[in-house]
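These are the residues of each chain, in order.
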Amino acid sequence: GYSKEAFFMAQLLSGGRGFELKRIGLAIVGTLIYAVGMNLFVVPAALYSGGVMGFSQIIRTLLTRELGLSFRVDIAATLYYIFNVPILILAWRKLDRSFVLKTLLAVSVMTVAMTLIPVTPVLSSDTITSCLVGGVIAGCGVGLVLRGGATLGGFDLVSLTIIRKRHELSVGRLGLYVNIVVYGLCMLLMSVPTAIYSLVFSFICTTTIDRVHLQNKDSEVTVYTKRSAEAMEQAILSGLQRGVTLMHGTGAYTGEDVNVLTITLSEYELPMLRQLIARFDPHAFVVVKPRVKVFGNYLKKL
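Counting of residues starts from 1 at the beginning of each chain's written sequence and follows it residue by residue. Only residues with pLDDT of at least 70 are given local features in this predicted model, and only at 80 or more are side-chain atom pairs given and counted; all residues enter the totals for whole chains, interfaces and linings. Heavy atoms from the whole structure form the basis of all side-chain values; hydrogens and water molecules are not counted.

Draft legend 1. Main features of the overall build of the protein chain. In DSSP terms, a helix is any run of H or I states spanning at least four residues, a strand is any run of E spanning at least two, and both are numbered starting from the N terminus. Counting its secondary structure elements, the protein chain contains 10 helices and 4 strands. The order of α-helices and β-strands along the protein chain, N terminus first, is α-α-α-α-α-α-α-α-β-α-β-β-α-β. Within the protein chain, the fraction of its 302 residues that count as buried is 43%. What makes two residues a contact is simply this: any of their non-hydrogen atoms within 4.5 Å. Of the contacts made within the protein chain by residues no fewer than 6 positions apart, 77% connect residues no fewer than 24 positions apart. The accessible surface values rely on the Shrake-Rupley method and a 1.4 Å probe; as for residues, cover is taken only from the protein chains in view. Of the roughly 16,000 Å² that the protein chain leaves accessible, carbon and sulfur atoms contribute 64%. Only protein chains enter the accessibility calculation, which uses a 1.4 Å probe; a residue is then buried when its area is under 20% of its type maximum, exposed when over 50%, and partly exposed in between.

Below, the structure written as structure tokens:
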């Protein structure tokens with residue numbers, strides 16, 4: 001004797017576990033793609049990433065160039081992992097722990113992959129093409145990791161922790177400040193061309209991430225249904241953890257009562273919402289307004 005709502009929520013929770021496993025798999029695949037892009041195009045071209053990885057690469061270069069140390073593998077990934085340990089501890093106390101665990105998994109896989117994949121110069125004499133190809137591949141990898149509900153650690157985790165208390169700031173703005181320092185060091189310690197080419201790589205990588213990462217693109221969905229909307233509303237609130245505005249209207253042609261639900265969510269969540277609506281009312285009329293600007297009390301999800 002389960003209600004339709006209870007039956008659907010049981011299915012949603014069961015499917016949610018499978019969905020979460022798919023997201024973890026997606027994050028791992030993205031991590032491997034990132035490692036390939038770095039070791040085949042970025043590192044051989046002597047390009048430097050931004051954030052904590054950029055600092056790790058600079059320290060690696062100083063250790064090998066100034067101190068004459070030699071390593072069998074590129075130790076930048078190992079340094080990056082070491083720097084992420086205190087960051088992950090801080091994030092564990094401040095952020096969602098499942099998110100932090102997935103990030104720990106992604107950082108661990110990335111460290112192993114960048115250590116095992118040999119640094120091979122595919123385009124050794126063409127730096128600008130290495131910027132383009134490496135930026136696209138690495139950006140696709142990071143975008144997939146973000147779609148999997150994780151990050152590759154580094155300053156992104158620090159930024160997420162800071163903006164919980166300083167809402168006027170953003171991850172992008174804080175990351176920009178860090179990258180100014182990183183590429184300033186590249187210019188002082190390496191060369192001006194190295195800093196410029198690294199900036200080009202960083203720009204292409206960031207642009208690609210924005211294209212792949214659907215969670216930062218929001219849509220407004222309006223659902224018109226003649227059925228009782230309470231069960232659908234509760235399923236959206238519980239299953240998607242998104243707010244719903246419920247209004248009542250009247251069809252101008254039929255004169256029948258209509259329930260109108262308005263939801264704002266990321267484009268990544270649209271397939272789940274579509275499945276949810278179809279379960280409750282296959283004949284519902286749905287309008288999607290993509291790429292809307294959202295301000296105020298709205299939860300941005302990874």
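Still more to cover.
Draft legend 2. Fine view of the packing of helix α5 (residues 127-147) against helix α8 (residues 192-212). Two elements in contact, α5 and α8, have axes separated by 7 Å at closest approach and are oriented at 35°. In the packing of α5 onto α8, the handedness of the crossing is right-handed. When residue character is reported, Ala, Val, Leu, Ile, Met, Phe, Trp, Tyr, Cys and Pro are called nonpolar, Asp, Glu, Lys and Arg charged, and the others, Gly included, polar. Considered class by class, the residues forming the contact of α5 with α8 number 16 nonpolar, 6 polar and 1 charged. Orientation is described by axes fitted as lines to C-alpha atoms, over the contacting stretch for helices, and by angles from 0 to 180 degrees between their N-to-C directions. Handedness of a crossing is defined here by the sense of rotation of the near helix relative to the far one, left-handed for an anticlockwise turn of less than a right angle and right-handed for a clockwise turn.

Draft legend 3. Inspection of the pattern of salt bridges at higher detail. A pairing counts as a salt bridge when a side-chain nitrogen of Lys or Arg comes within 4 Å of a carboxyl oxygen of Asp or Glu. Evaluated as defined, the whole model comprises 3 salt bridges. Residue D74 pairs with R60 through a salt bridge whose shortest N-O separation is 2.6 Å. Placement of D74 in the loop between α2 (51-65) and α3 (76-94) and of R60 in helix α2 is noted, with a sequence separation of 14 residues between them. Note on accessibility: D74 and R60 belong to one class, buried.

Structural measurements only, silent on function.
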